[in-house]
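Chains, contacts and geometry: an overview
What follows is each chain in one-letter form.
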Amino acid sequence: MQKGRKYSAILTCTLILLISESIGRVGEYNPDNLLFLARIGYFLIFILDPVDILFAVNYVDCWMDNENSRPRKRFKNAFRAFAIANGVFVTLSSFFRLRWFFYFEDGLYYRGSLYIIRALLVMLFIVLLLVYTVVFRKDFMSEYKNMILVLPFFSLLGAICQVFFYNMDTTYAGISLGCLVLFFFFQSNDVNIDYLSGVLNRRGIDIKLDEMIKNSQSSGKNFAAIMMDLDNFKTINDTFGHEEGDKAIKQMADILTNSFDEDTSIGRFGGDEFFVITDNVSKIELDMIINEVREKLAHIRDKRGWDKNVDISCGYSIYVSTSNMAREEFAEILDALMYNEKEEHHKNMEQLEDA
C-alpha cells in the first residue's frame, strides 16, 4: 500500500505537469488572448518538477529496508529543502516579475537569469539520486536491484535534454517513462515475487521450474536445482523477535542472489526454505557455491549474535533432459535430499551436546 501511494503521487504530479505544459503551449500559441494560460502553465511546471523528483526519491526509498535509513534520510531532507526553496523563489519571481527563472516579452517565452543555475541544481540532485540508488543498491529487495535504476536513469536523461534543448520540458517526461517501464515490470512480475525477500515466491518458482523442464526436454540441456532450508531459524524469532527473523530471510535471499550468477532463478519456497534453479550442472562448483553461502551466513550469524547452530541444509540434483520427470517428482527428490541433510545436522548437534 505504501509503495502504491508513493507511485500514485509520482503519476499524479506528472499528470499535473503534463496538463500544465499543454496549458502553457496553448497560451504561447495564442499570446494575444491567452498569454495568462502560458504564465499559469509555466509557473506550475517550475514549481512542481522538483516535487516530482522528490516523489521519485521517496518511491525509490520505499523499496529498501531500514538498514541504512539514516544516511538516506539526510539525502531526502536535502532534496525536500531544495523543493521548498525552489517553490518559494519561483513564487517570488512570478508575483514580483523578477525574471529569475522565466518571463514573457511581446508574447514570447524567455529563460530567466537564474534558469541555468536552477536547472543544474535539479540535474545535480537527479545525478545524486542515481548515485544514491547505486550506493545503497544492496538495500533493495533482491529482484528489484537492477530494474529500480530505470527511474533515476530516465529522470537524468530528461533533465539533460531539458537543459540543452531550449524548447523541451523533459525532466518529468523522463520520470514518466521511468514510471511506465517500472509499471510494466512490476505488473508482470509482482504476482510472482515474495513480498518479504524480493525473490521469486512459490508460484514464481513453480512457473520457472516448469519452463526449465520444458526447455530441457526440447533442447537436451540439463540444469540443476537446489532446495535449501535455514536450520534453527526458529531460535532467531524466539530470541530476537519476528522482525529479526524477517531480516534473516531478507539477508538469506541477498546471500543467494550475490552468490549465484544473474541467470540463476532464486525463490523463497515457503517459510525459511529457498529454491535455486541454475544452468550450472557441475557438482564441484555447486558444492563450492553452497559452502560460500554457508560461510556468508556464518559471518552474518556471528555478527548479529544468532544461535551458533543457525546454518543451512541443502539438497540438490541435476535434472537430466531424457528423464521426462515431472516438476512435482523432481521437487520431491530435492526435498528428500534436503531433509536427509537436515537430519544429519540434527544428529551431529545432539552428539556435540551429549559430548
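Up top is the structure.
Numbering of residues starts from 1 in every chain and runs along the sequence as written. It should be noted that, the model being predicted, local features are given only for residues of pLDDT at least 70 and side-chain atom pairs only at 80 or more, the latter also being counted only at that level, while totals for whole chains, interfaces and linings use all residues. With hydrogens and water excluded, all non-hydrogen atoms of the structure serve as input to the side-chain values.

1. With respect to the sheet that holds strand β5 (residues 273-278)
Sheet architecture is open: four strands sit in the order β4-β5-β3-β6, paired in antiparallel fashion. Each having just a single partner strand, β4 (265-270) and β6 (311-319) make up the two edges of the open sheet. Neighbour-to-neighbour, the strand axes of the sheet open up by a mean angle of 20°, direction not taken into account. When β4 meets β5, the two strands line up antiparallel, connected through five bridges. When the bridges of β5 are listed, Ile266 appears paired with Val276. Strands β3 (223-231), β4, β5 and β6 of the sheet are contacted by helix α7 (residues 202-219), whose axis makes an angle of about 130° with β4. Any pair of residues with heavy atoms lying within 4.5 Å of one another is described as a contacting pair. Here the axes come from fitting lines to C-alpha atoms, over the contacting stretch only for helices, and the angles between their N-to-C directions go from 0 to 180 degrees. A run of DSSP states H or I qualifies as a helix once it reaches four residues; a run of E qualifies as a strand once it reaches two. Both are numbered from the N-terminal end. In the packing of helix α10 (residues 283-304) onto the sheet, the strands contacted are β3, β5 and β6, and the crossing angle to β6 comes to about 160°. Two strands are counted as paired when DSSP detects at least two bridges linking them.

2. Structural notes on the side chain of Asn201
Along the chain, the position of Asn201 falls in the loop between α6 (171-189) and α7. Per-residue accessibility, obtained with a 1.4 Å probe over protein chains only, is compared with the maximum for each type, and a residue is labelled buried under 20%, exposed over 50%, and partly exposed between these values. According to the relative accessible area criterion, Asn201 is buried, its value standing at 15%. Counting of polar contacts relies on pairs of N or O atoms within 3.5 Å, with two restrictions inside protein: one atom must be capable of donating a hydrogen and the other of accepting it, and residues adjacent in sequence are counted only when both atoms are side-chain atoms. Engagement of the side chain of Asn201 in a polar contact is seen with the backbone nitrogen of Arg203, the distance being 3.2 Å.

3. Quick look at the packing of aromatic side chains
To pair, rings of Phe, Tyr and Trp, with the six-membered ring standing in for Trp, must have centres within 6.5 Å; the planes then decide the type, stacked if under 30 degrees apart, edge-to-face if over 60, and tilted in the middle. Tallied over the entire structure, the rule returns 17 aromatic pairs. Taken together, a centroid distance of 6.2 Å and an interplanar angle of 85° make the contact between Phe102 and Phe104 edge-to-face. The buried category is assigned to Phe102, whose relative accessible area is 10%. Judged by relative accessible area, Phe104 falls into the buried class, the value being 8%.

4. Considering the pairing of β3
The buried fraction of β3 amounts to nine of the nine residues, a majority that puts the element mostly inside the structure. Neither face of β3 is left uncovered, since the one carrying Phe223, Ala225, Met227, Asp229 and Asp231 and the one carrying Ala224, Ile226, Met228 and Leu230 both have all their residues buried. Bridge count for β3 against β6 is nine bridges, and the pairing is antiparallel. Its bridge partner lying in β6, Met228 is registered against Cys314.

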